[in-house]
Amino acid sequence: MQVANNDELSKKYNDYVKRVTKTTSLPKNMFHAFLTGGAICTLGQVIMEVLKARGMSEDHRNFMVILILVGISAFLTGMNIYPKIGKFGGAGSLVPITGFANSVAACATEFKAEGMVMGLGCKIFTIAGPVILYGLISSSVLGIIYYIGGLF
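Bear in mind the structure is a predicted one, so any value in this text is a computation, not a measurement.

**Q** Now, about the packing of helix α2 (residues 26–53) against helix α3 (residues 58–78): what can you tell me, with residues and values included?
**A** Relative orientation of the contacting elements α2 and α3 amounts to 135 degrees, with a least axis distance of 9 Å. Between α2 and α3, the interaxial angle falls into the category oblique. As α2 runs across α3, the sense of the crossing is right-handed. Judged by residue contacts, Leu 43, Gly 44, Ile 47, Met 48, Leu 51 and Lys 52 of α2 engage Arg 61, Asn 62, Met 64, Val 65, Ile 68, Leu 69 and Ile 72 from α3. Tallied by class, residues from the contact of α2 with α3 come to nine nonpolar, two polar and two charged.

Rendered as structure tokens:
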């Protein structure tokens, strides 16, 4: 008798979840991601062309575009604007450099309870730390494999 009661509760719960869960439109989400990612990439290209017109070398331009996009992303995260962009654009706002900057800056903005040193100093590495660590480890392992492969 208890099993039937659990089945009935499960059915009621599943019905409740279906009623309150917001449905999304895949084509709409893809369009928003396309617009957002495209806008971020277009901004990067505009910055690149402006720097090129000013006579900056290609290496310096590449560095400056990354620096400017990271700065804009961190600033917009601090002003609580980038999360709204992310909500609209979904995966399109995760264009690698701006999405990473947003992730790091978002963790850093949650430092207030612990203070500047322990809060900001620790929280900023919540996302950046593992990414840097795994990047170093994987590049080291791949470098060793490449070196050993070159010996043969």
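**Q** Residue-level account of the packing of α3 against helix α4 (residues 82–89), with values.
**A** Contact pair α3 / α4: the axes reach a minimum separation of 6 Å and the direction vectors enclose 100 degrees. Here α3 is positioned roughly perpendicular relative to α4, judged by the angle of their axes. Between α3 and α4, the contacting residues are Ser 73, Leu 76 and Thr 77 on the first element and Tyr 82, Pro 83 and Ile 85 on the second. Class assignment for the residues of the contact of α3 with α4 results in four nonpolar, two polar and no charged.

**Q** Which residues make up the side chain of Thr 36, and what values do they have?
**A** Tracing the backbone through its elements, the reader meets Thr 36 in helix α2. Overall, the relative accessible area of 7% leaves Thr 36 in the buried class. Separated by 2.9 Å, the side chain of Thr 36 and the backbone oxygen of His 32 make a polar contact. Each residue touching Thr 36, except ones within four places of it in the same chain, is listed here: Ile 85, Phe 88, Gly 89, Gly 92 and Ser 93.

Reading the values: rules and limits
- Residues numbered from 1 in each chain as written.
- Predicted model: local features only at pLDDT ≥ 70, side-chain atom pairs only at ≥ 80, totals over all residues.
- Heavy atoms only, no water.
- Axes fitted to C-alpha atoms, helices over the stretch in contact; angles between N-to-C directions.
- Helix = DSSP H or I, 4+ residues; strand = E, 2+ residues; numbered from the N terminus.
- Parallel < 35°, antiparallel > 145°, perpendicular 65-115°, else oblique.
- Left-handed = near helix turned anticlockwise from the far one by under 90°.
- Contact = heavy atoms within 4.5 Å.
- Nonpolar A, V, L, I, M, F, W, Y, C, P; charged D, E, K, R; others polar.
- Buried < 20%, exposed > 50% of the residue type's maximum accessible area, 1.4 Å probe, protein only.
- Polar contact = N/O pair within 3.5 Å; in protein donor to acceptor, adjacent residues only side chain to side chain.

Treat this as a map of the structure, not an account of what it does.
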